[in-house]
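Tertiary structure, described
This is what each chain is made of:
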Amino acid sequence: MTLSHALTTAEAAFSESLSRLFELLRIPSISTDPAHNADCDTAADWLVRELNAIGFKAEARPTAGRPMVVAHFTRKSGTAKTTHALFYGHYDVQPVDPLELWHTKPFEPENRNGKLYGRGTSDDKGQLMTFVEAARAWIKATGDLPISATFLIEGEEESGSPSLIPFLKANKKELSCDVAFVCDTNMWDDKTPAITTRLRGLVHEEVEVTGPSIDLHSGLYGGPAINPIKALTKMLAALHDKNGKVQIPGFYDGVAALPKATKKQWASLKFSEKKFLGELGLKQASGEAGFTVLEQIWARPTAEVNGIWGGYTGVGTKTVLPAKAHAKLTFRLVGKQSPQKILKAFQAFAKKHMMKDAKISFSGKGGGAPASEVQEENPFIKKSAAALQAEWGRETVLMGSGGSIPIVRHFKDILDMDSVLVGFALNDDAIHSPNEKYNLTSFQRGIKSWVRIMGALAK
Ligand SMILES: [Zn+2]
């Protein structure tokens, strides 16, 4: 009863919701350009005003960079059991150049044929306004929210979030909730909702192989003197076997088999490997044999050589036998693979595969980040997936992402919170590009999806 009231309230306000989104979109809050610092402040102030008007306690809090919008709503009919959820988004946007490729002005948003065009429509103002408008609908319909909510909306996401970690650390107690919703991800397609439950981790390394003490004449020394490029490439070639399996001992420690249900769901997605590879000019997936393309990107680790150099690479020939050779590598990680252990294992592997008289040294900066995975049995995932399915009429896809979203790790490491990644963006939204858009259905049904998710978290 209350859910249906909140849903009809959200629907009745669709056109006002859209005008409010357009107001926010007209503010050119480009965080990467200091000329727009004041615009970022304006966007933060606009959000604070709107959230206070809805009934949140909102503030724009200063940081070393752009302000952080923090807003709280404590459930009025709440008890000790009430779910407290944090919702994360960002009000800053990317620069707009090349301007001449836009069909309309980037900061004069337009609704054309069910698509909302303008900078920030999808990344991330349109997305963040879906949960803001959902909260508004609940409070308007019932005078309360089904949960207690904290909104954290930053203004430096497009500049690498320099203030985020210090801010989370300094406000740990205030921002720690039962769960975080990170709202800048995609749907599977324009009709099928998705929750991203897996993000791969990453660690990098750089190597230098030294052979003779100086560059040599390849005629006078070629043969007996070792060539470090040969030593390096032999080692790199040994990284994978003919089935694409990484040969570093211990590399797959902590990599769990994909749960049967997940494997089945991914197989049912009708993902065209042929089309995906064809668009890249390729015919065959070259990852681990026995895994589909989606499994290779979402659930399997990789060892990649990103760059390799050494010797003479200028115009014409030079008969040199170089003294040094170099390569840069990255490893994408899944499951419980440890970045530090992977680096150590790789270093041991590389040393073992060096030819005699070739010395290898490592200059990677270490660090790296493990993968983020939220177990699919997590109750917040289950409830959110069911709420999304109720809105869209299709089973929610629990998908992976080959890349990483650093905030998910920060929420876990600093605030000890799991993140549920829900968003309504689509692959063709052209985020960061000219003619960025967000589907009107993403916006409207996104609002209703959050109304349902908030309702599903009530206790
Ligand atoms: Zn972005």
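All figures in this text were calculated on a predicted structure; none of them were measured in a lab. Residues take numbers from 1 onward in each chain, read along the sequence in its written order. Thresholds applied to this predicted model are a pLDDT of at least 70 for local features of residues and 80 or more for the giving and counting of side-chain atom pairs; totals over whole chains, interfaces and linings are not thresholded and use all residues. With hydrogens and water stripped out, all remaining heavy atoms of the structure feed into the side-chain values.

Remember that side chains alternate between the two faces of the sheet whenever the strand is regular. Three exposure classes are used, based on accessible area relative to the maximum for each residue type with a 1.4 Å probe and protein chains only: buried under 20%, partly exposed in between, and exposed over 50%. Strands are runs of DSSP state E lasting at least 2 residues, helices are runs of H or I lasting at least 4, and numbering of each runs from the N terminus. Within strand S13 (residues 324-333), seven of the ten residues are buried, which leaves the element mostly enclosed by the surrounding structure. Looking at chain direction, strand S11 (residues 302-310) and S13 are connected through eight bridges and run antiparallel. Within the sheet, the bridge partner assigned to Val305 lies in S13 and is Leu329. Here, a strand pair is defined by DSSP locating no fewer than two bridges between the strands.

Read across the sheet, three strands follow the order S4-S5-S18 without closing on themselves; strand pairing throughout is antiparallel. Two strands in the sheet have a free side with no partner beyond their single neighbour: strand S4 (110-112) and strand S18 (437-439). The average angle at which neighbouring strand axes cross in this sheet is 30 degrees, direction not considered. Both strand S5 (residues 115-117) and S18 contribute to a ladder of three bridges, which runs antiparallel. Residue pairing in the sheet places Leu116 in a bridge with Tyr438 of S18. Each of S4, S5 and S18 is contacted by helix H14 (residues 440-456), which is oriented at about 55 degrees to S18, the strand it contacts most. Interaxial angles span 0 to 180 degrees and are taken between N-to-C directions of axes, which are lines fitted to C-alpha atoms, for helices over the stretch in contact. Two residues form a contact once any of their heavy atoms are found within 4.5 Å.

This next bit is on the domain arrangement of the chain. Each domain's extent is set by a domain assignment, obtained either automatically or from a database. Per the domain assignment, the segments of the chain are domain 1 (2-198 + 372-456) and domain 2 (207-362). Listed by partner, the interface residues are 14 residues for domain 1 and 14 residues for domain 2. Once two parts are brought into contact, the accessible area they lose, counted with a 1.4 Å probe and summed over both, makes up the buried area. Area buried by domain 1 at its contact with domain 2 is led by Trp188, Arg198 and Gly402, which between them contribute 47% of it. Every case where a carboxyl oxygen of Asp or Glu lies within 4 Å of a side-chain nitrogen of Lys or Arg is listed as a salt bridge. Joining domain 1 to domain 2, the criterion identifies zero salt bridges. Here a polar contact is recorded for every N or O atom pair within 3.5 Å, except that within protein the pair must consist of a potential hydrogen donor and a potential acceptor, and residues adjacent in sequence are included only if both atoms are side-chain atoms. Here domain 1 and domain 2 share six residue pairs in polar contact (both at pLDDT 80 or more) between them. At five residues, the largest contribution of residues to the side of domain 1 that touches domain 2 is made by strand S16 (residues 397-401). Residues are grouped as follows: Ala, Val, Leu, Ile, Met, Phe, Trp, Tyr, Cys and Pro are nonpolar; Asp, Glu, Lys and Arg are charged; every other residue, Gly included, is polar. Its residues assigned to classes, the side of domain 1 that touches domain 2 shows four nonpolar, six polar and four charged.

Ring pairs are drawn from Phe, Tyr and Trp, using the six-membered ring of Trp, whenever the two centres fall within 6.5 Å, and their geometry is named by plane angle: stacked under 30 degrees, edge-to-face over 60, tilted for the rest. Counted according to the given criterion, the structure contains 20 aromatic pairs. Aromatic pair Phe251 and Phe331: ring centres 6.3 Å apart, planes at 55 degrees, arrangement tilted. Of this pair, Phe251 sits in the loop between helix H7 (228-237) and helix H8 (260-267) while Phe331 sits in strand S13, and the two are 80 residues apart along the sequence. There is no split in this pair, since Phe251 and Phe331 are both buried.

Looking at the element boundaries, Leu294 is found in helix H10 (residues 293-298). When the C-alpha atoms of Leu294 and Ser213 are compared, they prove to be 46 Å apart, with 81 residues separating the residues in sequence. Beyond its immediate chain neighbours, meaning those up to four positions away, Leu294 contacts Trp188, Trp266, Leu269, Phe271 and Ala299.

On to the nonpolar core. Definition used in this section: a nonpolar core is a set of buried Ala, Val, Leu, Ile, Met, Phe, Trp, Tyr and Cys residues joined via side-chain atoms within 4.5 Å. Counting 68 residues, the largest nonpolar core has Leu51, Phe56, Phe87, Phe151, Phe181 and Trp450 as its most contacted members. At ten residues, helix H4 (residues 125-142) tops the list of elements feeding residues into this core. Look past the residues within four positions of Leu51 in its chain and what remains in contact with it is Phe56, Ala58, Val69, Ala71, Val132, Phe151 and Ile153.

Read from one edge to the other, the open sheet built from four strands follows the order S11-S13-S9-S14, with strand pairing classed as antiparallel. Here the strands that pair on one side only, and so sit at the sheet edges, are S11 and strand S14 (359-362). Going from strand to strand, the sheet's axes swing by 25 degrees on average, the running direction of each strand aside. As defined by bridge partners, strand S9 (residues 201-210) adjoins S14 across four bridges and the pair is classed as antiparallel. Across the sheet, residue Glu208 finds its bridge partner in S14, namely Ser361. Together, S9, S13 and S14 form the strand contacts of helix H11 (residues 339-352), whose direction differs from that of S9 by roughly 25 degrees.

What follows deals with the packing of helix H2 (residues 14-25) against helix H3 (residues 37-54). At their nearest, the axes of H2 and H3 sit 10 Å apart, and the two run at 155 degrees to each other. The angle between H2 and H3 falls in the class roughly antiparallel. For the pair H2 and H3, contact is made by Arg20, Glu23 and Leu24 and by Ala43, Trp46, Leu47 and Glu50, respectively. Class assignment of the residues belonging to the contact of H2 with H3 gives a composition of four nonpolar, no polar and three charged. Any angle that falls under 35 degrees is termed roughly parallel, while one over 145 is termed roughly antiparallel, one within 65 to 115 roughly perpendicular, and all others oblique.

Surrounding the zinc ion are the protein donor atoms Asp123 (OD), Glu158 (OE), Glu158 (OE) and His432 (NE2), at 1.9 to 2.6 Å. In the primary sequence, the donor residues of the zinc ion line up as D-x34-E-x273-H. Placement of Glu158 in the loop between strand S6 (148-154) and helix H5 (164-170) and of His432 in the loop between strand S17 (419-422) and S18 is noted, with a sequence separation of 274 residues between them. Residue class for His432 comes out partly exposed when judged on its relative accessible area of 38%. Water is absent from the atoms considered, so a metal site may look incomplete; donors are defined as N, O and S atoms within 2.8 Å of the metal, or 3.2 Å for Na, K and Ca.

So, about H14. An expected span of 1.5 Å times one less than the residue number is assigned to each helix. Spanning 17 residues, H14 covers 24 Å between terminal C-alpha atoms, matching the ideal 24 Å at 1.5 Å per step. Buried residues dominate H14, accounting for twelve of its 17 residues. Buried within H14 are the following residues: Leu440, Ser442, Phe443, Gly446, Ile447, Lys448, Ser449, Trp450, Val451, Arg452, Ile453 and Met454.

As a further point, take the packing of H3 against H4. Interaxial distance between H3 and H4 falls to 10 Å at its minimum, and their mutual angle equals 20 degrees. One way to sum up the angle between H3 and H4 is to call them roughly parallel. For the pair H3 and H4, the crossing hand works out as left-handed. On the side of H3, the interface is formed by Trp46, Leu47, Glu50, Leu51 and Ile54, while H4 contributes Leu128, Met129, Val132, Ala135, Arg136 and Ile139. Partitioned by chemical class, the residues of the contact of H3 with H4 number nine nonpolar, no polar and two charged. The hand of a helix crossing depends on one turn: near helix anticlockwise from the far one by less than a right angle means left-handed, and clockwise means right-handed.

Another point: helix H12 (residues 379-392). The end-to-end C-alpha distance of H12 is 20 Å, a good match for the 20 Å that 14 residues give at a rise of 1.5 Å each. For H12, the complete set of buried residues consists of Phe380, Ile381, Ser384, Ala385, Ala387, Leu388, Glu391 and Trp392. One side of H12 carries all its buried residues, which in axial view fall inside an arc of 165 degrees. On its buried side, H12 packs onto strand S7 (179-182), strand S8 (194-199), S16, S17 and H14. Near the N-terminus of H12, the side chain that reaches the backbone nitrogen of Phe380, with its oxygen 2.7 Å away, is that of Asn378. As used here, the arc belongs to the directions running from the helix axis to the C-beta atoms.

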